[in-house]
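Examination of the molecular architecture
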Amino acid sequence: MSSDPRSAGPWEDRLPDPVPVVHRDLDVRVGGWELTTLTREHLAYWVRCIPAQFGNTFMVVSRRDQPGFIQTYRNSSTDYDLELCDAPPEISRTVVRDEARLVEVLWAWLDGDRAELDTLDWERAVHL
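Along each chain, the written sequence defines residue order, and numbers are assigned to residues from 1. Note on the predicted model: pLDDT of at least 70 is required for a residue's local features to be given, and 80 or more for side-chain atom pairs to be given and counted; whole-chain, interface and lining totals, by contrast, use all residues. Hydrogens and water molecules were not included; the side-chain quantities draw on all heavy atoms of the structure.

**Some points on the pairing of strand β7 (residues 79-87)**
Sheet topology note: the strand β6 (residues 69-76)/β7 ladder contains seven bridges and is antiparallel. Across the sheet, the residue bridging to F69 is C85, located in β7. In this analysis, strands are considered paired if DSSP registers two or more bridges between them. The numbering of helices and of strands both runs from the N terminus, where a helix is a DSSP run of H or I of at least 4 residues and a strand a run of E of at least 2. Here β6 folds back onto β7 in antiparallel fashion, the turn holding two residues. In textbook terms, the turn of a hairpin is the stretch between consecutive antiparallel strands, and for β7 and strand β8 (residues 90-96) this stretch comprises two residues.

Listed below in structure tokens is the structure:
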């Protein structure tokens, strides 16, 4: 009989393959929740949690180490307004009509993948 507590269960001393990327030190607000850490899987979950009803239907993502933010507003189950602010107060806007695509774009922003963001048709947002 072994006294090693790991032998009593399915615990293994290794990370899953592939190891998930984790973005930390974030300021993420969705609904009434505030988050500081995301994996891609968590991001997809929270995008699905953006309420499709009147009220707080935004997800706002920013990094504590850089200016700007990216945010999305859910218009319906398949229609999202997406706003990008790299240099406040200038904001660009586009529409994304697929939840999986929205997750890809948000994750690209977190990764600093500007090429992925540039594939969208952005226009300057006009605020009154």
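**Description of the nonpolar core**
Membership of the largest hydrophobic core comes to 27 residues, with the highest contact counts inside it found for L38, L43, V47, M59, I70, L82 and L106. At the level of elements, β2 (26-30), α1 (40-48), β5 (58-63), β7 and α2 (99-111) are the ones that each hand at least two residues to this core. Should any heavy atoms of two residues lie within 4.5 Å, those residues are counted as being in contact. Look past the residues within four positions of V47 in its chain and what remains in contact with it is M59, R74, Y80, E99, L102, V103 and L106. Among buried residues, the Ala, Val, Leu, Ile, Met, Phe, Trp, Tyr and Cys ones that are joined through side-chain atoms within 4.5 Å form a nonpolar core. For every residue, the accessible area (1.4 Å probe, protein chains only) is compared with the maximum for its type, and the residue is labelled buried under 20%, exposed over 50%, or partly exposed between those bounds.

**A closer look at the packing of α1 against α2**
Angles shown run from 0 to 180 degrees and are taken between the N-to-C directions of axes, each axis being a line fitted to C-alpha atoms and, for helices, limited to the stretch in contact. Packing of α1 against α2 brings their axes to within 10 Å, and their N-to-C directions diverge by 130 degrees. Comparing their axes, α2 and α1 come out oblique. Between α1 and α2 the crossing geometry is right-handed. Of α2, the residues touching α1 (which contributes R40, L43, A44, V47 and R48) are E99, L102, V103, E104, L106 and W107. Classifying every residue of the contact of α1 with α2 by side-chain character gives seven nonpolar, no polar and four charged. Each angle receives one of four descriptions, namely roughly parallel if under 35 degrees, roughly antiparallel if over 145, roughly perpendicular if within 65 to 115, and oblique otherwise. Two helices cross in a left-handed way if the nearer one is turned anticlockwise from the farther one by less than a right angle. They cross in a right-handed way if the turn is clockwise. The classification used treats Ala, Val, Leu, Ile, Met, Phe, Trp, Tyr, Cys and Pro as nonpolar, Asp, Glu, Lys and Arg as charged, and all other residues, Gly among them, as polar.

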